[in-house]
Amino acid sequence: MTQSQANWENEITRRRTFAIISHPDAGKTTMTEKLLYYGGAIREAGVVKGRKNSKHATSDWMEIEKKRGISVTSSAMDFEYKGHHINILDTPGHEDFSEDTYRTLTAADAAVMIIDVAKGVEAQTIKLFKVCRMRGIPIFTFINKLDRHGKDPFSLLEELENVLGIRSYPMNWPIGMGSDLCGVYDRMKNRVELYQDGSDHQEISSVEVSGPDDPKIKSSVGEVLYDQLQEEVSLLDIAGDEYDESLIAKGELTPVFFGSAINNFGVQTFLENFLQMAPSPSPKKSTIGEVDPLNGKFSGFIFKIQANMNPAHRDRVAFMRICSGKFQRGMNVRHVRLGKDIKLAQPMQFMAQDREIVEESFAGDVIGLFDPGIFQIGDTLCVGPAFEYEEMPHFSPEFFAKVTVKDAMKHKQFQKGVMQLTEEGTVQLFKTHPWEELILGVVGVLQFEVLEYRLKAEYGVDIELQRMSYQIARWIEGDKEAMDAVKSRSQSVTDRYGRLVMLFDSEYQLRMAQEKYPKLTFHESSLGLHRVTE
Ligand code: G4P
């Protein structure tokens, strides 16, 4: 092995690329900020926070988002920590929740799930969790806001199992909660980390102990909490799940950490354990089998396209996850779908509001590529023999609308614009049959406004959106006769690759259809389903 090969292999194995999934307000921004702080990437609080607050937004994103005070950078933030190179992929989660949020998860090797101790598992967490589950990536749980009174820790573990269907292994255990919070007991290291109210725990104050029954704990936390801790930890030891690395790697067991992000309590312990347990860039499925990140040749795929990052230039940025090898600025790569070579001249990396040109990057990293309109979500770029990574799946939209152009003379621009925005992944496009009316589907309702705004601004087209009552889409597969029967129903449509999709108003309607057509499978996403047309 040459020196330079050893170097880049080391660069790849020290990388950790993950996304944070949570429901709004659970503490994702706070956590991200604390992690960046540990990595020295930011020196003060508020840097990340400003991104979702119009007061601080200095970016020049799309007008519509500016008006609403939402910024949509959604890329990656990177930092170094104790020899690791960490990439946090940003998952838009508030009003800007969209399919991009799901797609970002396809570029992550692990997920960190933040749960508010008082609220437990919430709606948005469930949706994002499902996508992680589908990919089988490891999921690490941080139960946040321990400085506030919340649910009983055992009932939270039960919720993980009952609502999400994932078993858990608490890595630490709270000693008190809310105003009684004294600290956490670290089950792996046999030590108690003490919580001091109001301090921004830069240094953890901890006590090494022989076990949860060590009398040293009693003198630190008092008799009542000491007794409770002993009881609870022994219950965990007896009745809880065992620590099992292979189940963690498959995303079937989640290590659980308790802490308080805003108080920096438990964040560093979380980070250090996470870095030990989370995988380095993992192999990814492709048309030539799994591609190993350490396979010397560069490859990557586009998982997100950001339009109008600079309205003055109307440029787009395509975000690429590097999956194997090393990337160098100016290198020539194969754009597999177009069957041609392109030069990647101005790759960018993003940190909060800033962008900078990158000279080199490695598998696990995310870079932004200037896109003059040649990229689509899911495109593969590679060096050497051409192959493609598996298709980027579509997920069930939750809002649907029939779309028509107001001025029939502009039909051509309308079609072009809708196609373009569908390729970028702003909306999903379905067609009714036999009339070929266009139905748009989105997972976040803001996307309708984005579409309306952009069609007007970029294509000069006014549209009419007629909201529909559907809330669920399912990709249908199976017995041909049953498929034909479904096709004749009014709520059946085709997606843009000609695959049959059924739309439903409610879970109840969906269940009725499943009962009626037992020979059909109702898929929640298009992952792995054959395209009928290109
Ligand atoms: P999000 O990105 O998941 O939406 O959550 P974010 O970090 O913005 O946190 C939501 C709110 O919860 C914020 O309060 C934040 O300060 C608070 N928070 C985060 N971690 C903790 C914690 O460990 N304990 C407590 N008690 N609160 C926490 P806010 O009032 O909405 O915003 P701000 O005025 O504090 O900025």
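Whatever comes next refers back to the structure up there.
Below is a short write-up of the structure. (Residues numbered from 1 in each chain as written. Predicted model: local features only at pLDDT ≥ 70, side-chain atom pairs only at ≥ 80, totals over all residues. Heavy atoms only, no water.)

1. A closer look at the pattern of salt bridges
Convention followed: Criterion for a salt bridge: a side-chain nitrogen of Lys or Arg within 4 Å of a carboxyl oxygen of Asp or Glu. Each helix is a run of DSSP H or I of at least 4 residues and each strand a run of E of at least 2, with the numbering of both proceeding from the N terminus. Using a 1.4 Å probe on the protein chains alone, a residue whose accessible area is under 20% of its type maximum counts as buried, one over 50% counts as exposed, and one in between counts as partly exposed.
Evaluated as defined, the whole model comprises 29 salt bridges. For Asp484, the salt bridge is made with Lys487, and the minimal N-O distance between the two is 3.8 Å. Of this pair, Asp484 and Lys487 both sit in helix 13 (residues 480–487), separated by three residues, roughly a single helical turn. Lys487 gets classed as partly exposed once you look at its relative accessible area, which sits at 38%.

2. Some remarks on the nonpolar core
Going by this rule: To qualify as a nonpolar core, a set must consist of buried Ala, Val, Leu, Ile, Met, Phe, Trp, Tyr and Cys residues joined through side-chain atoms within 4.5 Å. The start and end points of each domain follow an automatic or database-based domain assignment. Here, residues are in contact when the closest pair of their heavy atoms is within 4.5 Å.
Counting 84 residues, the largest nonpolar core has Leu160, Met320 and Leu381 as its most contacted members. Among the elements that take part in this core, strand 13 (residues 316–324) stands out by supplying six residues, more than any other. Shared between two domains, this core holds at least three residues of each, these being domain 1 (16–48 + 60–179 + 242–277) and domain 2 (284–382). In this view, Leu381 contacts Phe298, Ser299, Gly300, Ile302, Met320, Val333, Arg334, His335, Ile342, Leu344, Leu369 and Phe375; residues no more than four positions away in its chain are not counted. Of all hydrophobic cores here, the second largest spans 30 residues; its members include Met171, Val267, Phe270 and Ala278.

3. Some words on helix 10 (residues 267–277)
A large share of helix 10 lies buried, amounting to nine of its eleven residues. Taken residue by residue, helix 10 has Val267, Gln268, Thr269, Phe270, Leu271, Asn273, Phe274, Leu275 and Met277 as its buried positions.

4. Let's talk about the environment of Phe154
Structurally, Phe154 can be placed in helix 6 (residues 153–164). Note: C-alpha distance between Phe154 and Gly240 (86 residues apart in sequence) is 9.9 Å. Excluding residues that lie within four positions of it along the chain, Phe154 makes contacts with Trp173, Glu232, Leu235 and Leu236.

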